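Spelled out from the first residue to the last, the chains are:
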Amino acid sequence: MASELDLAVVGACQAVVKYLDDNARSELAAAAIRPMALMKLPEEADKLLDLAQDLGLCDAYIDHQELVGVLADARDKTCQWYEVERKKLYRKVNKLVENKAEAEEVAAATMKRDEHEVRCPAVSTKYYQLRALTAQDWSAPLPAEDAEEAAA
């Protein structure tokens, strides 16, 4: 049974894919979006968002400020999902140890927990990078080249 957070991650990732699908201008971009729609969510949400971010930020004709906002929302929900899953895995391992389960079962659960634990910091880092971009003022004009040379 899918939790409320699972559904939030799926909805946010689908919003990213829809945004890219609606705004992608090239056939190459459109072809890259199709496999993203088939990824298993929320388990592969981080991979989907990596692909979407790479594709979207390389496309010159997409409104990057809006894309960063949609991506940041999806990354936020994905971070929350990873944290909840991390806690579930820790509880599962602790419960297995308390109930004196088979060593193989404890080892498998511990390995799964450790693999998940390794991915959590990367997911959080990507979210905070996007959050920094959303706070950036995109309307500020760049300084003229002559002004840069005069200041040097």
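So, how was this worked out
- Residues numbered from 1 in each chain as written.
- Predicted model: local features only at pLDDT ≥ 70, side-chain atom pairs only at ≥ 80, totals over all residues.
- Heavy atoms only, no water.
- Phe/Tyr/Trp six-rings, centres within 6.5 Å; stacked < 30°, edge-to-face > 60°.
- Buried < 20%, exposed > 50% of the residue type's maximum accessible area, 1.4 Å probe, protein only.
- Salt bridge = Lys/Arg side-chain N within 4 Å of Asp/Glu carboxyl O.
- Helix = DSSP H or I, 4+ residues; strand = E, 2+ residues; numbered from the N terminus.
- 1 Å grid on protein atoms, 1.4 Å probe; cavity = no way out; pocket = protein on both sides within 12 Å on 5 of 7 lines; lining within 4 Å.
- Points joined across faces, edges and corners; volume = space filled by probe spheres on them.
- Nonpolar A, V, L, I, M, F, W, Y, C, P; charged D, E, K, R; others polar.

Participant: It is not clear to me how the packing of aromatic side chains should be interpreted in this structure. Could you clarify?
Facilitator: For any two aromatic rings, the description comes down to two numbers: the centre-to-centre distance and the angle of the planes. Summed over the entire model, instances satisfying the criterion amount to 2 aromatic pairs. For the pair Trp-81 and Tyr-82, a centre-to-centre distance of 5.3 Å together with 85 degrees between the ring planes defines the contact as edge-to-face. Comparing Trp-81 with Tyr-82 shows no difference in burial state: the two are buried. Both rings, one in Tyr-127 and one in Tyr-128, keep their centres 5.1 Å apart while their planes meet at 55 degrees; by these two values the pair is tilted. Relative accessible area serves as the criterion here: at 12%, Tyr-127 is assigned to the buried category.

Participant: Would you mind showing me how to read the pattern of salt bridges here?
Facilitator: When the charged atoms of two side chains lie near each other, side chains of opposite charge can form a pair. Overall, the coordinates contain 10 salt bridges when judged by the stated rule. Residue Asp-50 is joined to Lys-126 by a salt bridge in which the shortest nitrogen-to-oxygen separation is 2.8 Å. In this pair, Asp-50 is assigned in helix α3 (residues 45–58) and Lys-126 in helix α5 (residues 103–135), connecting sequence segments 76 residues apart. Where Glu-83 meets Arg-86, a salt bridge forms, and the shortest distance between an N and an O atom there is 2.7 Å. Within this pair, Glu-83 and its partner Arg-86 are both found in helix α4 (residues 64–98), separated by 3 residues, close to a single helical turn.

Participant: When you look at the layout of surface pockets in this model, what are you seeing that I'm missing?
Facilitator: As a volume, the largest pocket reaches approximately 330 Å³. Surrounding the largest pocket, 13 residues form its lining, Glu-43, Trp-81, Lys-112, His-116 and Arg-119 being those nearest its centre. The leading source of residues in the lining of the largest pocket is α4, at 5 residues. Classifying every residue of the lining of the largest pocket by side-chain character gives 3 nonpolar, 1 polar and 9 charged.

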